[in-house]
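Okay, here's what each chain looks like letter by letter:
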Amino acid sequence: MSNCSSRALTLLSSVFGACGLLLVGIAVSTDYWLHMEEGIVLQQNQTTEVKMALHAGLWRVCFVAGQEKGRCVASEFFHGPDTDIVTENTANILKTIRSATPFPMVSLFLVFTAFVISNIGHIRPQRTILAFVSGIFFILSGLSLIVGLVLYISSINDEVMNRPSSSEQYFHYRYGWSFAFAASSFLLKEGAGVMSVYLFTKRYAEEEMYRPHPAFYRPRLSDCSDYSGRQETRIPRGNRQ
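Residues numbered from 1 in each chain as written. Predicted model: local features only at pLDDT ≥ 70, side-chain atom pairs only at ≥ 80, totals over all residues. Heavy atoms only, no water.

## Some thoughts on the overall build of the chain
Put simply, the rule is: Runs of H or I in DSSP of at least four residues are treated as helices and runs of E of at least two as strands, each being numbered from the N terminus. Three labels apply to residues, based on accessible area from a 1.4 Å probe with only protein chains included: buried if under 20% of the type maximum, exposed if over 50%, partly exposed otherwise in between. Only heavy atoms matter for contacts: two residues are in contact if any of them lie within 4.5 Å across the pair. Here the open area of atoms and residues is found with the Shrake-Rupley method and a 1.4 Å probe, where only the protein chains shown may cover a residue.
Check the secondary structure of the chain and you find five helices and five strands. The 241 residues of the chain split such that 38% are buried. Taking all contacts inside the chain whose residues are at least 6 apart in sequence as the whole, residues at least 24 apart take part in 70%. Summed over all atoms, the accessible surface of the chain reaches about 14800 Å², with 60% contributed by carbon and sulfur.

## Here we look at the UniProt feature "transmembrane region" (unreviewed entry) in the chain
Definition in use: UniProt positions are given in the numbering used here, feature names are shortened, and annotations may be inferred rather than shown by experiment.
The sites that UniProt annotates as "transmembrane region" (unreviewed entry) are residues 103-122, 129-155 and 175-201. Here residues 129-155 runs as 100% helix and 0% strand, with 39 Å between its end C-alpha atoms. The span residues 175-201 shows a helical share of 93% and a strand share of 4%, and its end C-alpha atoms are spaced 39 Å apart.

## Quick look at helix α3 (residues 102-123)
To be explicit about the condition: Expected span, for any helix, means 1.5 Å times one less than how many residues it has.
In a regular helix each residue adds 1.5 Å, so 22 residues correspond to 32 Å; α3 covers 32 Å between its end C-alpha atoms and thus fits that length. What α3 keeps buried is the set Pro104, Ser107, Leu110, Val111, Thr113, Ala114, Ile117, Ser118, Gly121 and His122.

## Re the pattern of salt bridges
Short version of the rule: Salt bridges are identified by distance alone: a Lys or Arg side-chain nitrogen within 4 Å of an Asp or Glu carboxyl oxygen.
As enumerated under the stated definition, the model contains one salt bridge in all. Salt-bridge contacts for Asp31 lead to Arg60; the nearest nitrogen and oxygen are separated by 2.5 Å. Separated by 29 residues along the polypeptide, Asp31 in the loop between α1 (2-29) and β1 (34-42) and Arg60 in strand β3 (residues 60-65) bring together distant segments of the chain.

## Some points on a nonpolar patch on the surface
Test applied: Patch criteria: residues need more than 30% relative accessible area and no salt bridge. Like-charged residues are merged within 9 Å; nonpolar side chains of Val, Leu, Ile, Met, Phe, Trp and Tyr are merged within 5 Å.
The grouping of Ile129, Phe132, Ile136, Leu140 and Leu143 at the surface amounts to a nonpolar patch, some 410 Å² of accessible area in total. Looking at the element boundaries, Leu143 is found in helix α4 (residues 129-161).

## Looking at the pairing of β3
Which entries qualify depends on this criterion: When DSSP finds two or more bridges between two strands, those strands count as paired.
Alignment of β3 against strand β4 (residues 72-74), held across three bridges, turns out to be antiparallel. Within β4, the position partnered with Cys62 by the bridge is Cys72. Where β3 folds back onto β4 in an antiparallel hairpin, the turn is made up of six residues, including Gly66, whose phi is positive at roughly 105°.

What follows is the structure in structure tokens.
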């Protein structure tokens, strides 16, 4: 039963770690963390006309409506295509979220390291410490990612709260599937970390259970041993040559 539970933990930690690595890799490399729309409110029929729409990632901003439709630019070189519609707050959102970029990158590096160490530990289960080390790396990777997500959300909320309210301007934003992938990756990596640490405790307990007592290593002399009946023969000094 214990052997089956260890195998289940090994399989689940590998699957969770692989999925966490895949999801955070997709999230970091795609441009759908944030969707924003900006336009004007038509007073005649109280409808909105979208003048600018974009989706942004950690590295690029891609426009899907407006004068810059179909164009993608690096986030550090972002400039509003129309200052009357794309306000300074919109540009500040895309600039301030860059402060959260290093944390997902660190998380990606840590989860890759944890995944490699975890697989080595599965191939060589006698090296019990590898399960513990991989679990720590999985947990640190998840913590690094959640710090980045918190900074990402807080930077957006700060700019949205400081945005001047106007009855003539329309602004809307929502988080994209890249952000959802990153959040899901956090849960998977934390789960992989907890299972790896628990797997370490089980393997360590099994090693202690089946490890022979030190008394078993003590040589025991039987009555039939050559040494048991051997007596030391002393030669008198006078007969020594």
